Amino acid sequence: MKGRKLPVTIRLLSYAWNYKGRLALACLALVGLTTFQLVGPQLVSYAIDTGINPHKVDGGFEVDGSTDTLLIAALLIVGAAMARGVFQFLQTYTGEFVAQRVAYDIRNNIYNHLQRLSFAYHDKAQTGQIMQRATQDVEGIRMFMSLGVIRLVYVVVLLIATLTVMVLTSWKLALVTWIFIPPTAAISIVMTTKLRPIWLEVQNLQGRLGVVLQENLSGMRVVKAFGRENEEQAKFDAEAQQLFNYSYRTNRIQATFGPILNGVWAVATVATGWFGAYQILHGHLSVGDLAKFMLYLGMLQMPVRSIGFVTMFWARASTSGQRIYDILDAESAVQEKPGAPDLAHVTGHVQFRDVSFGYDAISPVLRRVDIDAQPGQVIALLGQTGSGKTTVVNLMPRFYDVTGGKITIDGTDIRDVTLASLRRAFGIVQQDVFLFSATIRENIAYGASDATEDDIFEAARLARIHDFIMTLPDGYDTWVGERGITLSGGQKQRISIARTLLLDPKILVFDDSTSSVDTETEYLIQQALAELMKGRTTFVIAQRLRTVKSADQILVLKDGRIVENGRHEELIALDGLYRQIYDLELRDQEEAFERERERLAEVKGEPETAIAGGGD
Amino acid sequence: MVFFGGAGSAGGWSGGGGGMGGNLRPNSLKRSTDGWDDDELGSVYSHRVVTRMAKMIAPYRFRLFLAVVGVLGFATMTRISVLAVSGLIGAATDGDMDRLNRWGLAYIAMAVLSAAFFFIQMTSTGWIGHRLLLRLRKDMFAHLQKLSLRFYDNNEVGRVMSRITSDVTSLQELMTGGMLTILGDVVGIAISVGVLLYFDVRLTLVTFTVVPVLVVTMAVWQAYSRRAFVRVRQAIAVVNANLQENVSGVRVIQSLSREDENAKRFDNINRQNLNANVNAGLLSAAVTPAVEVIVATATALVVAYGGYRVMNGHLAVEGLVGFALALQMLFDPVRDLVLQYTQLQRAMAGGERVLEVLDTKPEFEDDPNAIDIEDISGRVDFNHVSFNYVDDVQVLADLDLHVEPGETIALVGQTGAGKTTITALISRFYDVTSGSIEVDGIDVRKITHASLAHRMGIVLQEPFLFSGTVYENIRYGRPDATDEEIREAAETVGAHDFISRLEEGYGTYLHERGMNLSVGQRQLISFARAILARPRILILDEATANVDTQTEVVIQRALNTLLAGRTSFVIAHRLSTIRNADRIIVLEHGRIVEQGKHDDLLALGGRYARLYRMTYEQHALSSSANGDGARAGSSGNGHGNGHTPALKPAADPAR
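Because the structure is a prediction, the values reported are computed rather than measured.

A. A look at the overall build of chain B. When you go through chain B residue by residue, the secondary structure sums to 22 helices and 12 strands. By the burial criterion, 57% of the 655 residues in chain B qualify as buried. At a minimum sequence separation of 6, the contacts of chain B that also span at least 24 residues come to 77%. Summed over its atoms, the accessible surface of chain B is roughly 26300 Å², and 56% of this surface lies on carbon and sulfur atoms.

Structure, rendered in structure tokens:
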């Protein structure tokens, strides 16, 4: 992270500096281009003055040239255009190449940096904002490279070269012409300076209009349910009107400055033409020279008028660059120790020793927590929302780092090993399953890209999803996610279980709340989870009585502390917080369970143990 | 650009996809074969689009007239100014000071007029363009509000979005920029040709040999570059989709240690984007030099042949200079016209897509004689209602259901039995196919949509909030509610506690539709929103399905207050919710197969009893099987499987 103190534009330019060979080529081409650009009008002037040779004789002008010279001049004009074309091509292409390479490099950097920033960063960041930086701001920098930097060099070189040639031809006429160039450039800069904030606002308003529209369309059911169409229309109209106001303001600025710029340039042309004609009349200037001046003036018009835009690209680059460096300079709160070894041969013995954690200094989330999870044990975490359950499981794979105490796996502090090897020891089944836009196969093998087909099938079978996948027309190659098929919550969950099984982690973390699924699916999920838990140390954020009752340790959390710890019977006997939660939330399940068990026993005449199993 | 971001393009070519229907369904917008609407080209002229746009632009005819005057005036003035240059040189070579000064003054007049016309052109076209855009957007949005949910069932949000953003913009650009540019170009070319002919007819004919070469070059280039730019857009869309997914899924990526693999893949995608861009850049870089060589050839012809004619006395020197300058102005509009051809095609296609939305007939609108309902008791009658979403698939079949004011109805049945449809029909999201639905004895088709909506409260499975403060979200159904009332509503549903704990309490801004809240919290807010609207009829469609146990407990507690005195329709998976209903309606294939109270239905021993049993049977069994697995380690596998056959028969009907 060197050079963080340097101005943003310099840091951005250092990206381009990586391609200095190409940059040098672009600059060389630029010089060549300018040279041959100057040659064109020169040749026209030569053709007129030498080829046609109009000269003053008594009482008027006479022409006395040679067709050979004309022919040579004509051929030279085409030749010069070709040479100019080659240089122009080289310059544009190389410039664009460097700009695109820079954008490519920055995009890669952003991507890689983002996926290595810890959860703490992503908790605060908004996807929309990150995306805006990675798209619009990177684009701003690409334009800065090709239009801001290279274009600026071109304009400067061109101006100096033309000025020189013009002064050498006729310094008086050059003076008349050049009087108008600085004001034109200044007006152009004023115009873009006025336009830029309004453009930004237009962009912003477009974004807001888009949000209103998108929310209205995707929330149409709610809009209709509440009969809010008129209010929605009013909201949209107001935003659209606002957008109109600003867009129209940009138009008015352009409509004012555009004609002014045109006018000034026209006056420059008139002045040159008029004064040049005087000079010819007095014999101080040749017709060819005047033609040359007029052609130069035409050549300069666009570059001079676009100077404002060049400055705008610099301004944009510094804000865009700043926003990009906000991401690139963000340091991950979780860092790997240099030279840390891999965590190997994990048995799954997890210990929390006096662990504290807080997202900020003021409000601790976990306070002095001690946990000792033996290999193969099931640990149920119980507590109200905000009690710290999720934090406990997020600390183990180092999604966050503890602020006090330490966590060890098989006696090794988790901060002393590599992140990849640590995280490989964990299998995490999240409540909100995230599948990637890819085939089912790729999604299952997401954490283990080298898995064989047989491995994948086996994992899917164990997760009780294989049969379903086989019913799909494309089987494992079925595309899921956006533009693919939509899977139900239960199906997603089983795919995520298969994904985890394939990793064969020693330590398992999951949230056992099943979202709305039908009876059979729920049964399948339970089976899959049971499969998953075999022989692994398991941490469960428990929502269901069944899980809680079968746990080896139940940890009851309150305000970041473990207030009770034990097995079901022990904690019931304790008559504390667990008992309260049990009475309030779990007992319903239990009673229904009991009633049904009795009824089933009655109906089927089966011995109770067969149904209750080894449960209690 | 954010505005055009979600517009149905991200990841679009990734193929796959069983979920998409074709164009067969009614009320569904056309879809281009490759899914890339924006790149579809229409014909250069669509009568439908042009006439409709002409009607839209008609109110602005004065401005339009001004714009045309501006365009014509500007095109003319810039081009005839070469006459002045030529005149100046002519006067200078003839040594005629008076004429020189006259031409000088004329030249100044031309410059001033040209600037004035340019001003008129800019202001008028800008005004018309932005007005038209505003008008089109408002019209489309208003129209979209009228379309029934059937339209939204059949069209993804992204596709509709892109019509109101990019298609509208390209249409507007056509109407103002495009049409007037073409007019300016055509007039410009005509005047340039006139000026050239004025100077020297022969020379004009000779130099014109270059024009076809220019046109062909541009046309060929454009065909290539269009494809190249389509590839650029697709490539960047893939890059962005990948990046977005990476950000949203970063927690999974880190927990699966996929960073290195992902970096490789992204680099690959990013490089494809680089290559597509560099290719397009190559084409762009090649065209300008090519055109310049062509233009230089024309200049060379002027120099050689024109010089020859000067020496032979057919042309004056000033004529030659004027000719050379006028020629420079000829090529730009020719080039531009070739480019406009594709622009026109694109805009016409965009216009067709805009009109397709505007011409989609709303399934139904308020009856002109519809009445507002004020205080209703909440009686709901379904009289022999049949309904189908698609022609041949009947969802409700001759359903007769009469609900007393204040009654709580639980709807039970498998997915697809018609539970949600029943609730959607009460709110008149769709119209019945036959039969009628009455609220307080009035047919819902005779009630204004707004007044009906105000009597209803709906909580859906997926809570949908809007970006805005918590206040604004709860107030959604009753804009005149006071802050105090909002707090009360929140307290009633048990949302007050967590809202007060938010950073700015009720003033907290919910970004990205409240994605910074948990599902449960969002659901609590939507409960408060429903209750604040003081509905007489309450619909809870799987309202607690996605919330965590804690939130569910909170909601369960509030439910009694919510349901009291209101006619309610409840769809729920959890039987505890259903058990307390006044009446349970069991649906199968769109028919009521059983109805009554919980205990009666259990005693009946029919479908409800079986459904109920299945839920708990499964619970008991899976619970014990699970217990085995967890305790006994690997040996549990055999044991667990042993139970499966016993379960299967019971679970099968559930499908």
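Past the structure itself, the notes keep going.
B. The arrangement of the confidence of the model for chain B in detail. Residues and elements named next belong to chain B. Averaged over all residues, the pLDDT of chain B is 80; the fraction at 70 or higher stands at 86%. A low-confidence stretch, residues 1–25 stays under pLDDT 50, and its non-local contacts, those more than four residues away or across chains, total 52 contacts. In the model, residues 618–655 has pLDDT below 50 throughout and makes 54 contacts with residues more than four positions away in sequence or in other chains.

C. A look at unusual backbone geometry. The phi torsion at A:His345 lies on the positive side, around 45 degrees, for a residue other than glycine. Its location among the elements puts A:His345 in the loop between α11 (307–328) and β3 (350–358). Phi is positive for B:His384, which is not a glycine, with a value near 45 degrees. Relative to the helices and strands, B:His384 is located in strand β1 (residues 380–388).

D. Up close: the sheet that holds strand β2 (residues 394–403) of chain B. All names here are of chain B. Within the open sheet, the 4 strands sit side by side as β2-β1-β4-β5. Their pairing is antiparallel. Each edge of the open sheet carries a strand with a single partner, namely β2 and β5 (442–443). Packed on one face of the sheet, helix α12 (residues 419–426) meets β1, β2 and β4 (434–439) and runs near 115 degrees to β1.

E. Summary view of the packing of helix α5 (residues 127–169) of chain A against helix α8 (residues 210–248) of chain B. Remark: α5(A) packs on α8(B), axes separated minimally by 10 Å, with the N-to-C direction vectors making an angle of 145 degrees. Crossing angle aside, the handedness with which α5(A) passes α8(B) is right-handed. Note on element contacts: α8(B) touches α5(A) through B:Asn240, B:Leu243, B:Gln244, B:Val247 and B:Ser248, opposite A:Thr127, A:Ile130, A:Met131, A:Ala134 and A:Thr135. Split by residue class, the contact of α5(A) with α8(B) holds 5 nonpolar, 5 polar and no charged.

F. Structural view of the layout of surface pockets. Roughly 560 Å³ of internal volume is contained in the second largest pocket. Of all elements in the fold, only α3 (67–116) and α13 (419–424) of chain A together with α10 (259–311) of chain B reach the threshold of two or more residues within the lining of the second largest pocket. For the lining of the second largest pocket, the per-class residue count stands at 7 nonpolar, 10 polar and 9 charged.

G. Expanded view of the pattern of salt bridges. Taken as a whole, this structure holds 44 salt bridges over all chains when the rule is applied. The partner of A:Arg368 in a salt bridge is A:Asp354, and the shortest N-O contact between them spans 3.0 Å. Of the two residues, A:Arg368 is situated in strand β4 (residues 364–373) and A:Asp354 in strand β3; the sequence distance between them amounts to 14 residues. Given a relative accessible area of 58%, A:Arg368 falls into the exposed group. Notably, a salt bridge pairs A:Arg423 with B:Glu259, separated by 3.8 Å at the nearest N-O pair. Remark: B:Glu259 occurs in helix α10 and A:Arg423 occurs in helix α13; the pair is interchain, linking two chains. One exposure class covers both A:Arg423 and B:Glu259, and it is buried.

H. Fine view of the pairing of β2(B). All names here are of chain B. As defined by bridge partners, β1 adjoins β2 across 6 bridges and the pair is classed as antiparallel. Looking across to β2, one finds that Phe-387 is bridged to Leu-396. Between β1 and β2, which pair antiparallel in sequence order, lie 5 residues.

I. Structural detail: the environment of B:Glu512. Structurally, B:Glu512 can be placed in the loop between β8 (509–510) and α17 (519–532). Along the sequence, B:Glu512 and B:Leu465 sit 47 residues apart, while their C-alpha atoms lie 8.9 Å from each other. Setting aside chain neighbours within four positions, we find B:Glu512 in contact with A:Gln126, A:Thr127, A:Gly128 and B:Ser467.

J. View of the sheet that holds strand β13 (residues 553–558) of chain A. Residues and elements named next belong to chain A. Read across the sheet, 6 strands follow the order β8-β11-β12-β5-β13-β14 without closing on themselves; strand pairing throughout is mixed. Each end of this open sheet is capped by a strand with a single partner; those strands are β8 (426–429) and β14 (561–566). Pairs of neighbouring strands in the sheet enclose a mean axial angle of 20 degrees, with direction left out of account. Pairing geometry for β13 and β14, over 5 bridges, is antiparallel. The residue of β14 that forms the bridge with Val-556 is Glu-564.

K. Spotlight on a nonpolar patch on the surface. Nonpolar side chains collect at one region of the surface, where A:Leu163, A:Val167, A:Trp171, A:Leu175 and A:Ile179 lie side by side and expose about 490 Å² of accessible area between them. Its location among the elements puts A:Ile179 in the loop between α6 (171–178) and α7 (181–218).

L. Fine view of the packing of aromatic side chains. In total, this model carries 23 aromatic pairs over all chains according to the counting rule given. Aromatic pair A:Phe457 and A:Tyr476: ring centres 4.4 Å apart, planes at 25 degrees, arrangement stacked. Here A:Phe457, found in helix α15 (residues 453–462), pairs with A:Tyr476, found in the loop between α16 (466–471) and β10 (479–480); they are 19 residues apart in sequence, far enough to count as distant. Grouping residues by exposure puts A:Phe457 and A:Tyr476 together as buried. Each member of the aromatic cluster is reached from another via a ring pair, and the members are A:Phe119, A:Phe357, A:Phe399 and A:Tyr400. Above the face of the B:Tyr476 ring, A:Arg228 is positioned so that its terminal group lies 4.1 Å from the ring centre. Between B:Arg487 and the ring centre of B:Tyr506, over which it is positioned, the NZ or CZ distance is 5.9 Å.

M. How the structure looks around a negative patch on the surface. Judged by side-chain charge, B:Glu365, B:Asp366, B:Asp372, B:Glu374 and B:Asp375 come together as a negatively charged surface patch. If you trace the backbone, B:Glu365 turns up in the loop between α11 (317–358) and β1.

N. Just the packing of α3(A) against α8(B), in detail. Two numbers describe how α3(A) lies on α8(B): the axes approach to 10 Å, and their chain directions differ by 20 degrees. The angle between α3(A) and α8(B) falls in the class roughly parallel. Seen from above, α3(A) lies across α8(B) with left-handed handedness. Taking contact as the criterion, the partners of A:Arg107, A:Tyr111, A:Leu114 and A:Gln115 in α3(A) are, on α8(B), B:Ile236, B:Val239, B:Asn242, B:Leu243, B:Asn246 and B:Val247.

O. Quick peek at the confidence of the model for chain A. Per-residue confidence for chain A gives a mean pLDDT of 84, with 90% of residues at or over 70. Scored below 50 in pLDDT, residues 604–616 of chain A shows 20 contacts in the model against residues more than four places distant or in partner chains.

P. Quick peek at the nonpolar core. Membership of the largest hydrophobic core comes to 103 residues, with the highest contact counts inside it found for A:Leu217, A:Phe236, B:Leu144, B:Phe382, B:Leu411, B:Leu425 and B:Phe569. With residues near it in sequence (within four places) discarded, B:Leu425 still touches B:Val385, B:Phe387, B:Leu396, B:Tyr430, B:Asp431, B:Val432 and B:Ile437. Judged by nonpolar contacts, the second largest core, of 101 residues, contains B:Ala111, B:Val210, B:Ala298 and B:Leu330.

Q. Examining the environment of B:Trp103 more closely. All names here are of chain B. With respect to the helices and strands, the residue Trp-103 is situated in helix α4 (residues 97–146). Separated by 18 residues in the primary sequence, Trp-103 and Val-85 have C-alpha atoms spaced 7.9 Å apart. In this structure Trp-103 touches Leu-83, Ala-84, Gly-87 and Leu-88, once residues within four positions along its chain are discounted.

R. Structural detail: the environment of B:Ser166. All names here are of chain B. In this fold, Ser-166 is placed in helix α6 (residues 157–199). Judged by relative accessible area, which is 19%, Ser-166 ranks as buried. Linking Ser-166 and Val-354, residues 188 residues apart in sequence, is a C-alpha distance of 9.8 Å. Side-chain polar atoms of Ser-166 contact the backbone oxygen of Ser-162, separated by 3.0 Å.

Quick notes on the rules
- Residues numbered from 1 in each chain as written.
- Chains lettered and ligands numbered in written order.
- Predicted model: local features only at pLDDT ≥ 70, side-chain atom pairs only at ≥ 80, totals over all residues.
- Heavy atoms only, no water.
- Helix = DSSP H or I, 4+ residues; strand = E, 2+ residues; numbered from the N terminus.
- Buried < 20%, exposed > 50% of the residue type's maximum accessible area, 1.4 Å probe, protein only.
- Contact = heavy atoms within 4.5 Å.
- Areas by Shrake-Rupley, 256 points an atom, 1.4 Å probe, with all protein chains shown as cover.
- pLDDT = per-residue confidence, 0-100.
- Pairing = 2+ DSSP bridges.
- Axes fitted to C-alpha atoms, helices over the stretch in contact; angles between N-to-C directions.
- Left-handed = near helix turned anticlockwise from the far one by under 90°.
- Nonpolar A, V, L, I, M, F, W, Y, C, P; charged D, E, K, R; others polar.
- 1 Å grid on protein atoms, 1.4 Å probe; cavity = no way out; pocket = protein on both sides within 12 Å on 5 of 7 lines; lining within 4 Å.
- Points joined across faces, edges and corners; volume = space filled by probe spheres on them.
- Salt bridge = Lys/Arg side-chain N within 4 Å of Asp/Glu carboxyl O.
- Patch = residues over 30% accessible without salt bridge, like charges linked within 9 Å, V, L, I, M, F, W, Y side chains within 5 Å.
- Phe/Tyr/Trp six-rings, centres within 6.5 Å; stacked < 30°, edge-to-face > 60°.
- Lys NZ or Arg CZ within 6 Å of the ring centre and 35° of its normal.
- Lys, Arg positive; Asp, Glu negative; His and termini not counted.
- Charge placed at Lys NZ, Arg CZ, Asp CG, Glu CD.
- Parallel < 35°, antiparallel > 145°, perpendicular 65-115°, else oblique.
- Core = buried A, V, L, I, M, F, W, Y, C linked by side-chain atoms within 4.5 Å.
- Polar contact = N/O pair within 3.5 Å; in protein donor to acceptor, adjacent residues only side chain to side chain.

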